[in-house]
Amino acid sequence: MKGGGSVQEAAGSFLPDGKPELLVLRALKLGDLLVAVPALKGIRRAYPGHRLRYAAQGWLSEALGLVGGYELLPTHGLDEPLAMEPGVVDVAVNLHGSGPESQGRIEALKARKVIGHRSPYREGPPWRPELHERERWVRLVEWHGVEADPLDVHLDKPHVASAVPGATVLHVGAAYGSRLWPAERFAAVAAALAEAGHQVVFTGGHSEKARAEEVCRLAGLPSDAVLAGVLGLGEFAATIASARLVISADTGAAHLASAYGTPSVVLFGPAPPEIWGPPPGPHVVLTRAELRRGDTFAAQPDPALLGVQVQDVLAAVRGLGLI
């Protein structure tokens with residue numbers, strides 16, 4: 001421990017129920033939540049008497065419930081101040097980043113203790129861009145006296161059951177075009193796996209339903225294989241947890257597969273797997289790093305993703321012993 005004080009220090013701000021308030025800021029997406037799980041678990045163990053809140057978008061509530069111990073504080077990015085009065089929060093944790101926007105939101109809380117990277121306001125570890133995301137946040141909390149294990153990625157079992165236990169999940173969507181592997185390649189993989197005896201289903205969000213339907217049609221599979229836009233987040237987690245195999249770009253689906261130890265093939269485009277890749281386990285990473293352009297917000301697939309061919313994915317599945 002290098003940072004300011006022990007986690008056992010007396011709390012300065014209490015809620016009506018007598019518990020001091022701890023707030024974690026990470027107003028990002030599902031994958032961002034899942035790579036922060038090791039740090040979140042360490043914080044939970046270090047502050048057993050605090051009420052724990054996680055500031056992020058409201059739709060993540062079900063996924064946060066799988067981490068255990070945290071309540072969601074609905075927060076849409078950093079556009080608006082956090083919905084907490086100054087002085088109410090006892091411990092504020094910045095797992096969002098190290099920029100002035102997130103630092104400013106944290107400082108506005110006027111918490112007794114702040115856990116964050118080095119800033120004009122506070123001491124802390126310097127930001128190191130080369131670190132894996134799991135390592136980054138574990139290193140941060142450890143600097144501040146919180147023990148955590150970067151491989152402690154497991155989530156609680158979903159409260160709902162999968163409607164398709166043992167299915168092979170092809171998650172065909174992604175938040176940005178830079179991570180969209182071509183539909184015809186997904187379809188070729190789906191057709192080959194179905195021929196090999198896999199029950200193939202296609203997942204994605206509401207906005208990705210048309211893409212999933214296109215992939216399903218190109219693969220020649222029945223329309224009821226499309227689960228995109230149908231599953232709630234808890235049902236989606238249950239589907240991944242019970243799957244035979246998951247094939248996905250670098251998205252929340254891939255991170256859920258890591259969390260449940262589900263065999264996976266993860267296709268990387270703009271993001272380097274050295275920063276965002278899965279932990280050790282039955283997971284295969286495919287990319288063409290030498291082709292990477294690295295523009296996350298591009299409309300077109302990154303060349304590193306386009307460099308991955310259908311035969312590469314099928315070879316990876318064969319290497320996992322699943323065909």
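Residues numbered from 1 in each chain as written. Predicted model: local features only at pLDDT ≥ 70, side-chain atom pairs only at ≥ 80, totals over all residues. Heavy atoms only, no water.

We now examine the overall build of the protein chain. Secondary structure assignment for the protein chain yields twelve helices and ten strands. Taken over C-alpha atoms, the radius of gyration comes to 21 Å for the protein chain, in line with the 20 Å a tight globule of 323 residues would show. Each of the three principal axes of the protein chain carries a C-alpha extent, and together these read 60 × 40 × 35 Å. With 323 residues in all, the protein chain has 56% of them scored as buried. At a minimum sequence separation of 6, the contacts of the protein chain that also span at least 24 residues come to 63%. Of the roughly 13600 Å² of accessible surface on the protein chain, 53% is carried by carbon and sulfur atoms. Of the side-chain charges in the protein chain, 30 are positive and 34 negative, and the distance between the mean point of each set is 3 Å. (Helix = DSSP H or I, 4+ residues; strand = E, 2+ residues; numbered from the N terminus. Rg over C-alpha atoms; globule rule 2.2 N^0.38 Å. Buried < 20%, exposed > 50% of the residue type's maximum accessible area, 1.4 Å probe, protein only. Contact = heavy atoms within 4.5 Å. Areas by Shrake-Rupley, 256 points an atom, 1.4 Å probe, with all protein chains shown as cover. Lys, Arg positive; Asp, Glu negative; His and termini not counted. Charge placed at Lys NZ, Arg CZ, Asp CG, Glu CD.)

Under the defined criterion, the tally for this structure stands at three aromatic pairs. Ring geometry for Trp127 against Trp137: centres 5.8 Å apart, planes inclined by 70°, an arrangement best described as edge-to-face. Highlighted residues: Trp127 in the loop between strand E5 (113-115) and helix H5 (133-143) and Trp137 in helix H5, separated in sequence by ten residues. Between Trp181 and Phe186, the ring centres sit 5.1 Å apart and the planes meet at 90°, which makes this aromatic pair edge-to-face. We classify Trp181 as buried; its relative accessible area is 1%. For Phe186, a relative accessible area of 1% corresponds to the buried category. The ring of Trp127 is capped by Arg136, whose NZ or CZ atom sits 4.2 Å from the centre of that ring. (Phe/Tyr/Trp six-rings, centres within 6.5 Å; stacked < 30°, edge-to-face > 60°. Lys NZ or Arg CZ within 6 Å of the ring centre and 35° of its normal.)

In this structure, Lys110 is a non-glycine residue whose phi angle is positive, near 55°. Along the chain, Lys110 turns up in the loop between helix H4 (100-107) and E5.

Moving on to the sheet that holds E5. Read across the open sheet, the five strands follow the order E3-E2-E1-E4-E5; overall the sheet is parallel. Strands with a single pairing partner mark the edges of an open sheet, and in this sheet they are strand E3 (70-74) and E5. Pairs of neighbouring strands in the sheet enclose a mean axial angle of 25°, with direction left out of account. Packed onto the sheet, H4 meets strand E1 (21-25), strand E4 (89-94) and E5 and runs at close to 170° relative to E4. (Pairing = 2+ DSSP bridges. Axes fitted to C-alpha atoms, helices over the stretch in contact; angles between N-to-C directions.)

Glancing now at the pattern of salt bridges. All told, the structure shown has twelve salt bridges when counted by the stated rule. Between Glu21 and Arg53 there is a salt bridge, with the nearest N and O atoms lying 2.5 Å from each other. Here Glu21, found in strand E1, pairs with Arg53, found in strand E2 (residues 51-56); they are 32 residues apart in sequence, far enough to count as distant. A relative accessible area of 15% means that Arg53 is categorised as buried. Between Arg26 and Glu133 there is a salt bridge; the shortest N-O distance is 3.2 Å. Taken as a pair, Arg26 in the loop between E1 and helix H1 (30-35) and Glu133 in helix H5 lie far apart in primary sequence, 107 residues in all. Across the pair, Glu133 and Arg26 agree in class, each one buried. (Salt bridge = Lys/Arg side-chain N within 4 Å of Asp/Glu carboxyl O.)

Further remarks concern the sheet that holds strand E9 (residues 264-267). The sheet built from five strands is open, its strands ordered E7-E6-E8-E9-E10 with parallel pairing. The sheet is open, and its two edges are formed by strand E7 (200-203) and strand E10 (283-286), each paired on a single side. Between one strand axis and the next, the sheet turns by 15° as a mean value, whatever way the strands run. Note that strand E8 (residues 245-249) and E9 share four bridges and pair parallel. Across the sheet, the residue bridging to Ile247 is Val265, located in E9.

It is worth spelling out the packing of helix H6 (residues 183-195) against helix H12 (residues 310-319) at this point. Contact pair H6 / H12: the axes reach a minimum separation of 9 Å and the direction vectors enclose 40°. For the pair H6 and H12, the sense of crossing is right-handed. Where H6 approaches H12, its residues Arg185, Ala188, Val189, Ala192 and Leu193 are matched on the opposing element by Val310, Val313, Leu314 and Val317. In terms of residue class, the contact of H6 with H12 is made up of eight nonpolar, no polar and one charged. (Left-handed = near helix turned anticlockwise from the far one by under 90°. Nonpolar A, V, L, I, M, F, W, Y, C, P; charged D, E, K, R; others polar.)

Purely spatial values, then, with no claim about function.
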